[in-house]
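# Structural features, examined
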Amino acid sequence: ADLSGTKMSCANIGAVSGIGTNFSGADLNGAYLSKGNFEQAKFTNAQMEKIEAMDVNFTDADLSATRFYVVFFMDTVLAGVNFTGADVQLCIFIKPKASQVDFSGTVFNRCGFIDAKLEQVCFDRCDLSNSAFAATSPEESSMENLSFKDGKFFQANLMNMNLKQCNFKLLTLSLIVLLI
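Here the structure is a predicted model, which means the values were calculated and not measured.

This brings us to the environment of Phe 133. Note on placement: Phe 133 falls in strand β10 (residues 132-134). Look at Phe 133 and you get buried, because its relative accessible area is 1%. Here the alpha-carbon distance between Phe 133 and Ala 116, two residues 17 residues apart in the chain, equals 8.2 Å.

Applying the stated criterion across every chain, the model contains two salt bridges. A salt bridge links Asp 27 to Lys 7; the nearest nitrogen and oxygen atoms lie 3.2 Å apart. Remark: Lys 7 occurs in the segment before β1 (47-54) and Asp 27 occurs in the segment before β1; sequence separation between them is 20 residues. Classification of Asp 27 as buried rests on a relative accessible area of 18%. Under the relative-accessibility criterion, Lys 7 is labelled exposed at 63%. When the shortest N-O distance is used, the salt bridge between Glu 49 and Arg 67 registers 3.3 Å. Separated by 18 residues along the polypeptide, Glu 49 in strand β1 and Arg 67 in strand β2 (residues 67-74) bring together distant segments of the chain.

Okay, the side chain of Gln 89 next. Here Gln 89 shows up in strand β4 (residues 87-89). Reaching out from Gln 89, the side chain makes a polar contact with the side chain of Asn 109 at a distance of 3.2 Å. Sequence-distant contacts of Gln 89, defined by excluding residues within four places in its chain, comprise Phe 68, Tyr 69, Val 70, Val 107, Asn 109 and Cys 111.

So, how was this worked out
- Residues numbered from 1 in each chain as written.
- Predicted model: local features only at pLDDT ≥ 70, side-chain atom pairs only at ≥ 80, totals over all residues.
- Heavy atoms only, no water.
- Helix = DSSP H or I, 4+ residues; strand = E, 2+ residues; numbered from the N terminus.
- Buried < 20%, exposed > 50% of the residue type's maximum accessible area, 1.4 Å probe, protein only.
- Salt bridge = Lys/Arg side-chain N within 4 Å of Asp/Glu carboxyl O.
- Polar contact = N/O pair within 3.5 Å; in protein donor to acceptor, adjacent residues only side chain to side chain.
- Contact = heavy atoms within 4.5 Å.

This is the structure in structure tokens:
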């Protein structure tokens, strides 16, 4: 289905199959996406404000250049997702299943990754200001040229992480595993 540019504010599109649906440029502010399957869906340049995305499958979805503001992601599948250049503000990712996700160039402000297993996730050239990683294991992931001002790592396992040329200003580390 092509729903590009559609105004879907406060829509209940949870528990539906949106496989391959084009939501590019759509206004999804206030939408309820929980228990939905949005595999291979395209959300490029969509507006996603005040959204609940619990138990959602975004496998191979394109979320590039999308604006996320106050979004609650819980038990969400983010496998093969393209998040490049997204603007992610005041969002929380709880128990995401994230593998082969490309967050390159994404701006995260006041975001949190909690109890996240991140496998082969790319955070290169991201701004993670005022963001936190708690009880998280970013295995075989890359964080090159990262800006992480006022960031926090709590009970995070940074083993085998590529942290080349990162800018860690005012960083808080607590109960961290840093093995190379």
